[in-house]
Amino acid sequence: MSETTQLKEWIEASNNIVFFGGAGVSTESNIPDFRSVDGLYHQQYDYPPEHILSHHFFMENTEEFFRFYRNKMIFKEAKPNPAHIALANLEKQGKLKAVITQNIDGLHQKAGSKEVLELHGSVLRNYCMNCHHFHSLETILAQEGVPHCECGGIIKPDVVLYEEGLDSYLLEKAVSYIANADMLIIGGTSLAVYPAAGLIDYYRGNKLVLINKDKTGRDNQADLIIHEPIGKVLSFLVDPIL
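Points about the sheet that holds strand S7 (residues 183–187)
Hydrogen bonds between backbone atoms are what pair the strands of a sheet, whose relative direction is either parallel or antiparallel.
In step 1: Reading across from one edge, S3-S2-S1-S7-S8-S9 is the order of the six strands in this open sheet, with parallel pairing throughout. On the outer flanks of this sheet lie strand S3 (116–118) and strand S9 (224–226), each paired with one strand and no other. Here the strands of the sheet are splayed against their neighbours by 15 degrees on average, with no regard to which way each runs.
In step 2: Bridge count for strand S2 (residues 96–101) against S3 is three bridges, and the pairing is parallel. Within S3, the residue paired with valine 99 across the bridge is valine 116.
In step 3: Across the sheet, helix H1 (residues 3–13) touches strand S1 (17–21), S7, strand S8 (208–211) and S9, and the angle it forms with S9 is around 130 degrees.

Quick notes on the state of the cysteines
Among covalent bonds in proteins, the disulfide is the one between the sulfur atoms of two cysteines.
In step 1: One pass over the structure, following the stated rule, counts zero disulfides.
In step 2: With no disulfide of its own, cysteine 128 lies 3.5 Å from the sulfur of cysteine 151, the closest cysteine sulfur.
In step 3: Residue cysteine 128 is classed as buried on the basis of its relative accessible area of 0%.
In step 4: The exposure class assigned to cysteine 151 is partly exposed, which follows from its relative accessible area of 38%.

Some details on the pattern of salt bridges
In step 1: Counting across every chain of the model gives eight salt bridges.
In step 2: In this structure, the salt-bridge partner of glutamate 138 is lysine 76, at a minimum N-O distance of 3.3 Å. Of the two residues, glutamate 138 sits in helix H7 (residues 137–142) while lysine 76 sits in the loop between helix H4 (62–72) and helix H5 (82–92), which places them 62 residues apart along the sequence.
In step 3: Under the relative-accessibility criterion, glutamate 138 is labelled partly exposed at 40%.
In step 4: When its relative accessible area of 44% is taken as the criterion, lysine 76 is described as partly exposed.
In step 5: Taken together, the salt bridges that share partners define one network made up of Glu118, Arg125 and Asp158.

Focus on unusual backbone geometry
In step 1: A positive phi is found at glutamate 163, a non-glycine position, where the angle reads about 85 degrees.
In step 2: With respect to the helices, strands and loops of the structure, glutamate 163 is situated in the loop between strand S6 (155–159) and helix H8 (168–180).
In step 3: The exposure class of glutamate 163 is exposed, given its relative accessible area of 56%.
In step 4: The backbone of leucine 191 shows a phi angle near 55 degrees, a positive value even though the residue is not glycine.
In step 5: With respect to the helices and strands, leucine 191 occurs in the loop between S7 and S8.

Quick notes on the sheet that holds S6
In step 1: Spatially, S5-S4-S6 is the arrangement adopted by the three strands of the open sheet, whose pairing is antiparallel. Both edges of this open sheet fall to strand S5 (134–135) and S6, since each of them pairs with a single strand only.
In step 2: Two strands pair when backbone bridges link them, and strand S4 (residues 121–128) and S5 are joined in this way by two bridges, in the antiparallel orientation. Residue tyrosine 127 lies in a different strand from S5, and its bridge partner there is phenylalanine 134.
In step 3: Packed onto the sheet, H4 meets S4 and S6 and runs at close to 50 degrees relative to S6.

Considerations on H8
In step 1: When the terminal C-alpha atoms of H8 are compared, their 18 Å separation across 13 residues agrees well with the 18 Å that a helix rising 1.5 Å per residue should span.
In step 2: When we look at burial in H8, the residues that qualify are Ala174, Ile178 and Ala179. Seen along its axis, H8 keeps its buried residues to an arc of 125 degrees; they face one direction. Exposed residues lying more than 90 degrees from the buried face of H8 are Tyr169, Glu172 and Asn180.
In step 3: Two or three places before tyrosine 169, at the opening of H8, aspartate 167 has a side-chain oxygen 3.0 Å from that residue's backbone nitrogen.

Rules used in this analysis
- Residues numbered from 1 in each chain as written.
- Predicted model: local features only at pLDDT ≥ 70, side-chain atom pairs only at ≥ 80, totals over all residues.
- Heavy atoms only, no water.
- Pairing = 2+ DSSP bridges.
- Helix = DSSP H or I, 4+ residues; strand = E, 2+ residues; numbered from the N terminus.
- Axes fitted to C-alpha atoms, helices over the stretch in contact; angles between N-to-C directions.
- Contact = heavy atoms within 4.5 Å.
- Disulfide = S-S within 2.5 Å.
- Buried < 20%, exposed > 50% of the residue type's maximum accessible area, 1.4 Å probe, protein only.
- Salt bridge = Lys/Arg side-chain N within 4 Å of Asp/Glu carboxyl O.
- Expected span 1.5 Å × (residues − 1).
- Arc of directions from axis to C-beta.
- Polar contact = N/O pair within 3.5 Å; in protein donor to acceptor, adjacent residues only side chain to side chain.

Shown next as structure tokens:
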């Protein structure tokens, strides 16, 4: 039996599926990841990306942060790919209970997914550090340099920077979904970023699926491993009628 056939059979037999995904889910929408050969870690800047995207850099070099952020972190024209659409279809069928994502692009919602836990926040949300008023992405893009609220405060993207902690409520919710799932599909992530990668340890079932182009450090824990682009693997679910 092929890996894809096995995946289809497990999906058909499951009614409490949870998906946990990373940057590889969005690379097929032409959003670069960080760790691949062409990823941000391998491009040349005055500072490494992980340094620019840190809390202390944001506070100390705010204008440089936003120059990088507008140039390399916002992909307004990106569209959902077959992976996003397939997961939204599974949710509509009542099989998929939640998407837990490390991505900040909002493409899961754009594809139609409703229950999306954005562990690292979203570029679509921004807030004033002074009055806490929320602003759209358009507010960030409409201004040059450091964006400011009407009150004069600096507008900060609602994304989790390096050195910042994840939202405890979202983490607890993600743990609950995973612990109660009858099938956990993990896709497009190297499972190298903690604490998010540690969520896999809360799964108690026997249908743990890892879909990633490259090997991960958790392959030995999986019940099914598929080393292919996730959009290609899930393309059979793009038509909502199975």
